[in-house]
Amino acid sequence: MDNEGQAFAADLLKAADSVVHDHLPQLPKPLRKDIHFLASVMTQAAQAHPGDDPESQQQRRIALMDCMGDLFSTTPGRWLANIGVVGIREGMVVALTTLMRDALAFEIGKAKALGNEQALLGGVAIAAIVLGPALNLIGGLKSIPEGTGNARSCISRVAMGLGSLGVILACHQTGVLEPFASTVTSLAAYNFARDACNFFFPLRDNTRSLPMPSVLAGGATYGLFQWLGSLAMGHATPRAGAGALPGAIFNGTLPLEQLAASSLDIAHSVGHAGLNALLEIQDGLVLPAIVKHMENSTYRAANASHLADEEAHRHAIRELGAFAALLLGVEGKDRQALIDEKNAELYASEVKRLEGQPELDLNQRDYLTQLKDTLARQAMLQGLGLLEMPELPPISVLLSDRSSTPDFTVLDQQIERELTRLGVSRDARARIVNELYVYEFQRAYVPLLRTPVEESVLQRLKEEARTEPMLPSDMMDSLLYQVNEERRAATVGLSISIGFGPRMPDPLQRLSRQLFITNAMRQSAFLFAVGVLYATSGVLENLDDDTRAIVEPLILGVAISLAYVPLLMAHLEGAPGRLPSRPNGEGGLPPLTQPREAPRQIHAGSSDGISGDELKSFVD
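Residues numbered from 1 in each chain as written. Predicted model: local features only at pLDDT ≥ 70, side-chain atom pairs only at ≥ 80, totals over all residues. Heavy atoms only, no water.

**Topic: the nonpolar core**
Stage number 1. Counting 46 residues, the largest nonpolar core has Ile339, Leu371, Phe408, Phe441, Tyr445 and Leu479 as the members making the most contacts within it.
Stage number 2. Here this core gets 10 residues from one element, more than from any other, and that element is helix α16 (residues 426-445).
Stage number 3. If near-sequence neighbours (up to four positions away) are discounted, Phe408 is found in contact with Arg335, Ile339, Tyr437, Glu440, Phe441, Ala444 and Tyr445.
Stage number 4. Residues Val167, Ile517, Ala525 and Ala529 belong to the second largest nonpolar core, which totals 21 residues. (Core = buried A, V, L, I, M, F, W, Y, C linked by side-chain atoms within 4.5 Å. Buried < 20%, exposed > 50% of the residue type's maximum accessible area, 1.4 Å probe, protein only. Helix = DSSP H or I, 4+ residues; strand = E, 2+ residues; numbered from the N terminus. Contact = heavy atoms within 4.5 Å.)

As structure tokens, then:
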């Protein structure tokens, strides 16, 4: 084929490919953006590290890992990670222990129907019933000499103990104690196995408390999902666990050989385990999310005025930095009018901002009074004809003991002259003049009524500057970054990770908490919820099958909601200041620090021709 024919064939193939792809549906816009973002990152990595050698490939992998790190620091990425972590831990642990519970329930029911080991089964059932209340009692008595008990944990233990005792007596009075005991036996084994797995693979998150409103909201949500989940299990997996036993065993017409040959329904039990795991995954995500949301809302409300101040400071530092840089391009004689106009704008904006805040602390009220008094004096002098234009002092004069500020009409010339005397090159002089002029202008005119966080950051930066001087612009950048980072860390969204092994210095202490708080209260909670269901079974017998299929799970969900509160509140037991914990996880995980390029530092003998100490003398 000649060249013209080859070109025609290529054009034809391209047209056909275009027709095929034109019929494909468009990707959603967010997905297209993500693809373009990842493609651009990998393209940049490939351009920065070309080649197929192992080192270049490793550099491209690192670039992609950095990209993934940035992705998971966002809210959607963080929630994706949370769902993955909770899904893996809770999904595997709950699903496997639920399968074990179903198998045990089936074998217990089968052994009882065959009449095997009746004495042993009865003893085990009695032990399972008293296990939760006994651990609860021992844990409560143990907390007295240790001094770890408090009002909420003690009330929770007493409430759960009385609830457990009440349902046991109710089941005895209604004649359902035996089937109730058989059900509790498999549940006790399930709770022990689950808590043992949780002990070695705990979930850890960045919550710092366990407020009662969050517990109530979490309990209501958990109870609702338990009701809906029980409805789904009743319809989708009725033969899970002991449900696989032939129905004829209850009227005595089933041959023993056929009963002995019966086996666990694996499909229904696996389905039941999966649904139960989904319910626990929901609780593992919803409760800490509610707690974290309440913590952040409380923090923002308590620090609203300081947060507003810091936002205003960030805006003013950047705005005045850009304004000062523009002043360097203006003749000195024309600067003062521009400075006075900008200063008057600052006064007006600060008064308006502070008056618009719902609540001010003492320092803010004093600051606002000074601003208004200064403006009032200037207005009075103008009214008397003593001033043509307002001559407002820089706000730093109001906020400190500074009696004067540099003359910004000639400051750049003064710095230039001093640098010339030191023998600094022309290019270096231009950069240093810009650095110092902008920094001094910001110091004089930024309305920086320091918040406690800003004060602590500034003190830390001053300590660092004594050993490793940094450029003035980097000083300001570090101030803005570190203040923002502290606030971000205090209000970051929920972040969950999985641990491996005990976090406490003493594993026995954590084992004791797991046994006498978590397992004791979980055993008692399940005992209470199942006991309520069995105790009301006589009343429910009068209902038709469809109504009963709805009401029974509803009663179970309500009982679980009631038991949820003491189950959680008992975990407040411990020494003052102890990190919060819950049955399925523990808080106090420190927030991740956002990556940031290190500030540029000036060292003695730099190529700019001026030492770090000499530059620091200008900043000071």
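Here the narrative resumes.
**A closer look at the pattern of salt bridges**
Stage number 1. Enumeration according to the criterion identifies 28 salt bridges in this entry.
Stage number 2. A salt bridge links Arg582 to Asp205; the shortest N-O distance between them is 2.5 Å. Linking Arg582 in strand β3 (residues 581-582) with Asp205 in strand β1 (residues 203-205), this pair joins segments that are 377 residues apart in sequence.
Stage number 3. Using a relative accessible area of 10% as the deciding quantity, one classes Arg582 as buried.
Stage number 4. Using a relative accessible area of 2% as the deciding quantity, one classes Asp205 as buried.
Stage number 5. Across the pair Lys342 and Glu319 runs a salt bridge whose closest N-O atoms are separated by 3.0 Å. Separated by 23 residues along the polypeptide, Lys342 in helix α12 (residues 332-355) and Glu319 in helix α11 (residues 304-327) bring together distant segments of the chain.
Stage number 6. With a relative accessible area of 12%, Lys342 lands in the buried category.
Stage number 7. On the accessibility criterion, Glu319 (32% relative accessible area) is partly exposed. (Salt bridge = Lys/Arg side-chain N within 4 Å of Asp/Glu carboxyl O.)

**Here's the deal with α12**
Stage number 1. End to end, α12 covers 35 Å across 24 residues, agreeing with the expected 34 Å (1.5 Å per residue, within 8%).
Stage number 2. Listed as buried for α12 are Gly332, Arg335, Ile339, Lys342, Asn343, Leu346, Tyr347, Glu350, Val351, Arg353 and Leu354. (Expected span 1.5 Å × (residues − 1).)

**Considering a nonpolar patch on the surface**
Stage number 1. On the surface, a nonpolar cluster with roughly 420 Å² of combined accessible area is contributed by Phe200, Phe201, Ile498 and Phe500.
Stage number 2. Within the element layout of this structure, Phe200 appears in helix α7 (residues 177-200).
Stage number 3. Of the residues examined, Phe200 reaches a relative accessible area of 48% and is grouped as partly exposed. (Patch = residues over 30% accessible without salt bridge, like charges linked within 9 Å, V, L, I, M, F, W, Y side chains within 5 Å. Areas by Shrake-Rupley, 256 points an atom, 1.4 Å probe, with all protein chains shown as cover.)

What is shown is where atoms sit, not what they do.
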